[in-house]
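The lines below spell out each chain.
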Amino acid sequence: YGSVDSTPLFVAVACEYFLVVGDRDFFKWLDPYVRRAISWLECYGDIYGDGFIRFSARNRNALLNQGWKDSADSIETDLGMRPKEPIALVEVQGYAFSAYVKAAMVYRTFGDHLYSKHLFARAGLLKDRFNRDFWMEDEGFFAQALDGNNSQIRDITSNAGHLLMTGLIEEEKEPALVKRLMQPDIFTAYGIRTLSSNSIHFSDREPSAYHRGGGVWPHDNGIIFLGMSNC
């Protein structure tokens, strides 16, 4: 579907529903689909085998960017320059971590302890690598993505705010991330914009403003707020 994030989000939501409601019959019906989705993450999403979920647009006439910021110019290294694929988006790693942890909790409840242990282990490895490879020490913030060479795409974007509700961030990094999101180049009177106005890619003119800074998206801000409320 041209979406790298819908799969981990499906797993996370399905498992969260069971953890809150406890509907065992419904989850037993969902179980094969949840397992297949996790298998997709491990076998097809994790292209390099390093734990990071990546995408590469095979159909060049369809969506090139397969995260929620799916406009063609939403991820650039230099002006007009697209990163080398496959690309690992910052927020997608948070979704994957949440999926692994919630699924591990569910399957532990159902007595599948081996599978649960496997998922907890994947989550732990992802957390270690993510906080090492995505963190920009000089910015006190996480990179927008890693390109196909594992080089950081260093824009300050709202995407990293999604991590606050996932548990992926090491605790000592959370205050710096929140503080950076509250700076005037990205936090406005209307909410957090999609891209820092200090970025060379920033634009407040349509159509480039779609994902390049001029817009404040309600769902984006809602997710960030939910994360901040739990910090």
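Just above, that's the structure.
What counts as what
- Residues numbered from 1 in each chain as written.
- Predicted model: local features only at pLDDT ≥ 70, side-chain atom pairs only at ≥ 80, totals over all residues.
- Heavy atoms only, no water.
- Helix = DSSP H or I, 4+ residues; strand = E, 2+ residues; numbered from the N terminus.
- Buried < 20%, exposed > 50% of the residue type's maximum accessible area, 1.4 Å probe, protein only.
- Expected span 1.5 Å × (residues − 1).
- Core = buried A, V, L, I, M, F, W, Y, C linked by side-chain atoms within 4.5 Å.
- Contact = heavy atoms within 4.5 Å.
- Polar contact = N/O pair within 3.5 Å; in protein donor to acceptor, adjacent residues only side chain to side chain.
- Lys, Arg positive; Asp, Glu negative; His and termini not counted.
- Salt bridge = Lys/Arg side-chain N within 4 Å of Asp/Glu carboxyl O.
- Phe/Tyr/Trp six-rings, centres within 6.5 Å; stacked < 30°, edge-to-face > 60°.
- Lys NZ or Arg CZ within 6 Å of the ring centre and 35° of its normal.

## Here we look at the environment of E171
Alright, step 1. Residue position: E171 is located in the loop between β5 (152-153) and α5 (174-181).
Alright, step 2. Overall, E171 belongs to the exposed group, its relative accessible area being 66%.
Alright, step 3. Separated by 60 residues in sequence, E171 and C231 place their C-alpha atoms 9.0 Å apart.

## Considerations on helix α3 (residues 90-109)
Alright, step 1. A rise of 1.5 Å per residue sets the reference length of α3, with its 20 residues, at 28 Å; its end C-alpha atoms lie 30 Å apart and thus fit the reference within 8%.
Alright, step 2. In terms of burial, α3 is a largely internal element, 16 of the 20 residues being buried.
Alright, step 3. Once α3 finishes, G111 follows within two positions and takes phi at roughly 90 degrees, a positive value.

## Side note on the nonpolar core
Alright, step 1. Ranked by size, the top nonpolar core spans 54 residues in total, and within it V34, Y100 and F142 carry the most contacts.
Alright, step 2. The dominant element in this core, judged by the number of residues it contributes, is α3, at eleven residues.
Alright, step 3. If we skip the residues at most four places from it in the chain, Y100 touches I38, L41, E42, I53, L119, R122, A123 and L126.

## Topic: the side chain of D50
Alright, step 1. Along the polypeptide, D50 turns up in the loop between α2 (24-45) and β1 (88-89).
Alright, step 2. Classification of D50 as buried rests on a relative accessible area of 16%.
Alright, step 3. A polar contact is formed between the side chain of D50 and the side chain of R54, at a distance of 2.7 Å.
Alright, step 4. Here D50 is in contact with R129 and N150, once residues within four sequence places are set aside.

## Describing the side chain of D220
Alright, step 1. Within the fold, D220 resides in helix α6 (residues 218-229).
Alright, step 2. Buried charged residue D220 carries no salt bridge. Nearest counter-charge: K69, at 5.2 Å.
Alright, step 3. A distance of 2.5 Å separates the side chain of D220 from the side chain of H162, its partner in a polar contact.

## Concerning the packing of aromatic side chains
Alright, step 1. For the structure on display, the rule yields 14 aromatic pairs.
Alright, step 2. An angle of 45 degrees between the planes, with centres 5.6 Å apart, marks the rings of F18 and F27 as tilted.
Alright, step 3. On the basis of relative accessible area, F27 is assigned to the buried category, the value being 3%.
Alright, step 4. In this structure an aromatic cluster arises from ring pairing among F18, F27, Y107, F110 and Y115.
Alright, step 5. The ring of F110 is capped by R24, whose NZ or CZ atom sits 4.3 Å from the centre of that ring.

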